[in-house]
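# Structural features, examined
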Amino acid sequence: QVQLVESGGGLVQAGGSLRLSCAASGRTLSRYAMAWFRQAPGKEREFVARITWSVSRTAYADSVKGRFTISRDNAQNTVYLQMTSLKPEDTAVYYCALGDAVNRLGNYEYHYWGQGTQVTVSS
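Being a predicted model, the structure only gives us computed values, none of them experimental.

## Structural notes on the sheet that holds strand β8 (residues 78-83)
Read across the sheet, 4 strands follow the order β1-β3-β8-β7 without closing on themselves; strand pairing throughout is antiparallel. Every interior strand has two partners, whereas the edge strands, β1 (2-7) and β7 (68-73), have only one. Mean inter-strand twist for the sheet, computed between neighbouring axes without regard to direction, equals 15°. For β7 and β8, the ladder comprises 6 bridges, and the chain directions are antiparallel. Its bridge partner lying in β8, Ile 70 is registered against Leu 81.

## Focus: the pairing of strand β3 (residues 18-26)
Bridge count for β1 against β3 is 6 bridges, and the pairing is antiparallel. When the sheet's bridge partners are listed, Glu 6 is paired in β3 with Cys 22. Of the pairings in the sheet, the one linking β3 to β8 comprises 6 bridges and is antiparallel in character. The residue bridging Leu 18 from the neighbouring strand is Met 83, located in β8.

## Quick look at the pattern of salt bridges
Taken as a whole and judged by the stated rule, the model has 4 salt bridges. Put simply, Lys 65 and Asp 62 hold a salt bridge, and the shortest N to O gap is 3.3 Å. Here Lys 65 and Asp 62 have matching classes, each one exposed. The salt bridge partner of Asp 90 is Arg 67, with a shortest N-O separation of 2.7 Å.

## Quick look at the side chain of Thr 52
By secondary structure assignment, the location of Thr 52 is in strand β5 (residues 46-52). Only 3.3 Å separates the side chain of Thr 52 from the backbone nitrogen of Ser 56, close enough to count as a polar contact. Ignoring any residue separated from it by four or fewer positions in sequence, one finds Thr 52 in contact with Tyr 32, Ala 33, Arg 57, Arg 72 and Tyr 108.

## Brief notes about the state of the cysteines
Within the structure shown, the criterion is met by 1 disulfide. One disulfide in the model links Cys 22 with Cys 96; its S-S distance is 2.0 Å. When the S-S torsion is -80°, as for the bridge of Cys 22 with Cys 96, the disulfide is left-handed. Linking Cys 22 in strand β3 with Cys 96 in strand β9 (residues 92-102), this pair joins segments that are 74 residues apart in sequence. In this structure Cys 22 comes out as buried when scored by relative accessible area, which is 0%.

Rules of the game
- Residues numbered from 1 in each chain as written.
- Predicted model: local features only at pLDDT ≥ 70, side-chain atom pairs only at ≥ 80, totals over all residues.
- Heavy atoms only, no water.
- Pairing = 2+ DSSP bridges.
- Helix = DSSP H or I, 4+ residues; strand = E, 2+ residues; numbered from the N terminus.
- Axes fitted to C-alpha atoms, helices over the stretch in contact; angles between N-to-C directions.
- Salt bridge = Lys/Arg side-chain N within 4 Å of Asp/Glu carboxyl O.
- Buried < 20%, exposed > 50% of the residue type's maximum accessible area, 1.4 Å probe, protein only.
- Polar contact = N/O pair within 3.5 Å; in protein donor to acceptor, adjacent residues only side chain to side chain.
- Contact = heavy atoms within 4.5 Å.
- Disulfide = S-S within 2.5 Å.

What is shown is where atoms sit, not what they do.
So, in structure tokens, the structure goes:
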């Protein structure tokens with residue numbers, strides 16, 4: 001019922017910038033937050049950034065803090081990830097996810113995921 005579509009990935013040189021977009025469509029019971037995750041070859045999926053849908057509270061992984069900025073457009077049901085000062089280690093498939101629930105510990109649960117968009121940073 002909920003679809004997430006990422007766009008904006010591509011090839012960029014180290015130190016460059018890239019802006020990812022994630023458009024959400026469909027209906028969900030709750031939209032507590034939207035987030036970006038990434039997964040590099042041979043590595044586990046890792047959290048990148050999150051933004052709450054109501055008050056735009058943000059959180060970032062330490063590895064991207066100060067370089068990446070997550071933002072939202074509620075009217076367009078879109079979340080963005082502005083990436084600057086990109087490093088080769090940022091190379092990964094970036095996934096958009098919708099946090100539509102919370103678990104017993106109060107953590108977001110991500111039940112909807114996009115197909116991912118490839119970001120490749122050359123050295």
